[in-house]
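Structure at a glance
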Amino acid sequence: MKTQIHFHTLQLLLFTLSLFLNQCLSDPDPLQDYCIADNKNTFFLNGLPCIDPKQATSSHFATSSLSKPGNTTNMFGFSVTPTNTINLPGLNTLGLVLVRVDIAGNGIVPPHSHPRASEVTTCIKGLLLVGFVDTSNRAFTQNLSPGESFVFPKGLVHFLYNRDSKQPAIAISGLNSQNPGAQIASIATFASKPSIPDEVLKKAFQINGQEVDIIRKKLGG
Ligand SMILES: *[C@@H]1O[C@H](CO)[C@@H](O)[C@H](O)[C@H]1NC(C)=O
């Protein structure tokens, strides 16, 4: 009887532990030191195949991709420059990326989500208003000055806004997936290809057909 109870306690402990560990995991752990992306591959798998480790060089683990500002001349006034398996092939399978976010005066990275990653962002330059909304529709916002950071939990809708009307802002974000994905709420709903039917958008946003057309046109849909 006693052993039976102990067995159950152990089972419960292992079960709890496995839940906890699963919570902590992002991309699957690498099975080797590194797997430098072989970008010439023509087949698909979860991640990219690796080059022969003997061919690895320091340059596979280095990039200057984030050194230059992105072009923020677009309707929202922002640009995201990521590290990825093309410009930094050594990050393949490591479960992370770093991105540079440039935002023009009063520009915005509009409400969007990353289905596969949490994100921690640091303001490098300028004055940012950042925030996210949780699944109970509670909003959390914060003003960030250079050196200050904020975290956006995985999958939740979030934004970054440059509060200064003239000076550009820069943020650097780390995300815990090599392929976080990004979905901008306004673009996904009003500028998808092909379009979501008008009657769906009218009902969902409680607007009329004319308003659907106006928003669609403005967002390039
Ligand atoms: C930035 O993008 C805009 C719009 O696409 C384009 O007209 C402009 O030439 C670009 N500027 C630079 C410096 O590439």
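Before reading on, note that the structure itself is shown above.
Residues numbered from 1 in each chain as written. Predicted model: local features only at pLDDT ≥ 70, side-chain atom pairs only at ≥ 80, totals over all residues. Heavy atoms only, no water.

**A short note on the pairing of strand 7 (residues 149-152)**
Residues F150 and F152 point to one face of strand 7 and are all buried, whereas S149 and V151, pointing to the other face, are not buried. When strand 4 (residues 119-125) meets strand 7, the two strands line up antiparallel, connected through four bridges. The partner of V120 across the bridge, within strand 7, is V151. (Buried < 20%, exposed > 50% of the residue type's maximum accessible area, 1.4 Å probe, protein only. Helix = DSSP H or I, 4+ residues; strand = E, 2+ residues; numbered from the N terminus. Pairing = 2+ DSSP bridges.)

**Quick word on the layout of surface pockets**
Take a probe with the size of a water molecule and roll it over the atoms, and the empty space left behind shows itself. Estimated volume of the largest pocket: approximately 490 Å³. In terms of lining, the largest pocket is formed by 18 residues, of which the most central are D27, N46, G47, T93 and Q178. One number sums up the size of the second largest pocket: a volume of about 320 Å³. Around the second largest pocket, the lining comprises 20 residues; the ones closest to its centre are V80, V99, H114, P180 and A182. Of all the secondary structure elements, the ones that give two or more residues to the lining of the second largest pocket are strand 1 (78-82), strand 2 (97-103) and strand 3 (108-113). (1 Å grid on protein atoms, 1.4 Å probe; cavity = no way out; pocket = protein on both sides within 12 Å on 5 of 7 lines; lining within 4 Å. Points joined across faces, edges and corners; volume = space filled by probe spheres on them.)

**Re the sheet that holds strand 2**
With antiparallel pairing, five strands are arranged side by side in an open sheet as 1-2-9-4-7. Among the strands making up the open sheet, the edge pair consists of strand 1 and strand 7. When the angles between neighbouring strand axes are averaged without regard to direction, this sheet yields 25°. Pairing geometry for strand 2 and strand 9 (residues 169-175), over seven bridges, is antiparallel. Counterpart to R100 in the pairing with strand 9 is I172. (Axes fitted to C-alpha atoms, helices over the stretch in contact; angles between N-to-C directions.)

**Overview of the packing of aromatic side chains**
Using the criterion set out here, one finds six aromatic pairs in the structure. Taking 5.2 Å as the distance between ring centres and 80° as the angle between the ring planes, the aromatic pair formed by Y34 and F61 counts as edge-to-face. Remark: F61 occurs in the loop between helix 1 (2-24) and strand 1 and Y34 occurs in the loop between helix 1 and strand 1; sequence separation between them is 27 residues. Taking relative accessible area as the criterion, Y34 reaches 27% and is therefore assigned partly exposed. Measuring from ring centre to ring centre gives 5.0 Å for F132 and F140, while their planes differ by 20°; the resulting arrangement is stacked. Members of the aromatic cluster, joined through ring pairs, are F132, F140, F150 and F152. (Phe/Tyr/Trp six-rings, centres within 6.5 Å; stacked < 30°, edge-to-face > 60°.)

**Considering unusual backbone geometry**
The amide bond that connects K193 to the next residue, P194, takes the cis arrangement and shows omega of -5°. With respect to the helices and strands, the residue P194 is situated in the loop between helix 2 (185-190) and helix 3 (198-205).

**A few points about the environment of G131**
Topologically, G131 is positioned in strand 5 (residues 128-133). Taking relative accessible area as the criterion, G131 reaches 0% and is therefore assigned buried. Sequence-wise, G131 and N143 are twelve residues apart; in three dimensions their C-alpha atoms are separated by 8.8 Å. Leaving out residues up to four positions away in the same chain, G131 has contacts with F140, T141, F150, F152, V157, H158 and F159. (Contact = heavy atoms within 4.5 Å.)

**Some words on the state of the cysteines**
Any covalent bond linking the sulfur atoms of two cysteines counts as a disulfide. Enumeration according to the criterion identifies one disulfide in this entry. With its sulfur 2.0 Å from that of its partner, C35 forms a disulfide with C50. What sets the handedness of the C35 and C50 disulfide is the S-S torsion sign, and at about -90° it is left-handed. One end of the pair, C35, is in the loop between helix 1 and strand 1; the other, C50, is in the loop between helix 1 and strand 1, with 15 residues separating them in the sequence. Judged by relative accessible area, which is 4%, C35 ranks as buried. (Disulfide = S-S within 2.5 Å.)

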